[in-house]
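Next come the chains, spelled out residue by residue.
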Amino acid sequence: MIRFDVVNKVRAAVRSISSSPVPLNWWTEFSSWQDFRALLRTGSRLSMHTVVENLNHKFEAIEIADAYVETIDENGNIEIELSESTDELLQAFTIRAKRKKLRSLKDVAAYNVAQYLSCHGDVEDLQVPISLKKLVKPFVITFSGNYILALNEN
């Protein structure tokens with residue numbers, strides 16, 4: 001299983017996109033990932049290039065793992081390839097960061113609460129009404145086997 005501190009560093013890097021000076025819907029400036037690479041070869045630079053460059057730079061700071069942006073789809077969902085290597089173990093993971101559109105204040109609040117929880121069981125321990133627990137649950141990062149089921153970005 002991937003180390004939780006590594007996931008937290010990746011999550012922090014992805015979440016930092018929303019506080020970066022990039023245009024709204026920055027991922028729509030190109031039509032395919034191949035276009036992204038082709039534009040790089042021509043010397044053209046879009047907001048997307050800046051976002052990927054900044055993410056990869058932040059991933060370089062993760063000392064115990066190698067990570068890079070593999071793709072970004074037409075909806076702004078990001079795939080990150082991450083590998084950890086020690087003397088005893090070599091493991092690789094694909095982390096999917098799904099873009100969430102937080103449309104209301106209650107979604108923003110639920111998202112922010114969920115960022116401090118480590119599993120769905122923690123939601124049950126919250127001292128809040130059941131109706132509020134249902135709002136928080138979809139935003140909790142969960143793990144299953146060797147896969148990360150959700151890594152949310154605001």
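Residues numbered from 1 in each chain as written. Predicted model: local features only at pLDDT ≥ 70, side-chain atom pairs only at ≥ 80, totals over all residues. Heavy atoms only, no water.

## Thoughts on the overall build of the protein chain
So, point 1. Regarding its fold elements, the protein chain presents 6 helices and 6 strands.
So, point 2. Mapped from its N terminus to its C terminus, the protein chain presents α and β elements in the order α-α-α-β-β-β-α-α-α-β-β-β.
So, point 3. For the protein chain, the spread of C-alpha atoms along the principal axes amounts to about 55 × 45 × 20 Å.
So, point 4. Among the 154 residues that make up the protein chain, the fraction classed as buried is 35%.
So, point 5. Contacts in the protein chain between residues far apart in sequence, at least 24 positions, make up 49% of those at least 6 positions apart. (Helix = DSSP H or I, 4+ residues; strand = E, 2+ residues; numbered from the N terminus. Buried < 20%, exposed > 50% of the residue type's maximum accessible area, 1.4 Å probe, protein only. Contact = heavy atoms within 4.5 Å.)

## Side note on the confidence of the model for the protein chain
So, point 1. For the protein chain, mean pLDDT is 80; residues scoring 70 or higher make up 91% of the total.
So, point 2. Counted against residues more than four places away or in other chains, residues 145-154, with its pLDDT under 50, gives 40 contacts. (pLDDT = per-residue confidence, 0-100.)

## Here we look at the packing of helix α2 (residues 33-42) against helix α3 (residues 47-60)
So, point 1. Close contact between α2 and α3 brings their axes to 11 Å; oriented N to C, the two are set at 90°. With respect to α3, the axis of α2 lies roughly perpendicular. When α2 is examined against α3, the residues Trp33, Phe36, Leu39 and Leu40 are found in contact with a partner set consisting of Met48, His49 and Val52.
So, point 2. Split into classes, the residues belonging to the contact of α2 with α3 amount to 6 nonpolar, 1 polar and no charged. (Axes fitted to C-alpha atoms, helices over the stretch in contact; angles between N-to-C directions. Parallel < 35°, antiparallel > 145°, perpendicular 65-115°, else oblique. Nonpolar A, V, L, I, M, F, W, Y, C, P; charged D, E, K, R; others polar.)

## Brief notes about the pattern of salt bridges
Opposite charge on two side chains allows them to pair when their charged atoms are near.
So, point 1. Using the criterion set out here, one finds 3 salt bridges in the structure.
So, point 2. In this structure, Lys137 engages Glu124 in a salt bridge whose closest nitrogen and oxygen atoms are separated by 3.0 Å. You can see Lys137 sitting in the loop between α6 (130-136) and β4 (143-144) and its partner Glu124 sitting in helix α5 (residues 120-125), a full 13 residues away along the chain.
So, point 3. Judged by its relative accessible area of 44%, Glu124 falls in the partly exposed class. (Salt bridge = Lys/Arg side-chain N within 4 Å of Asp/Glu carboxyl O.)

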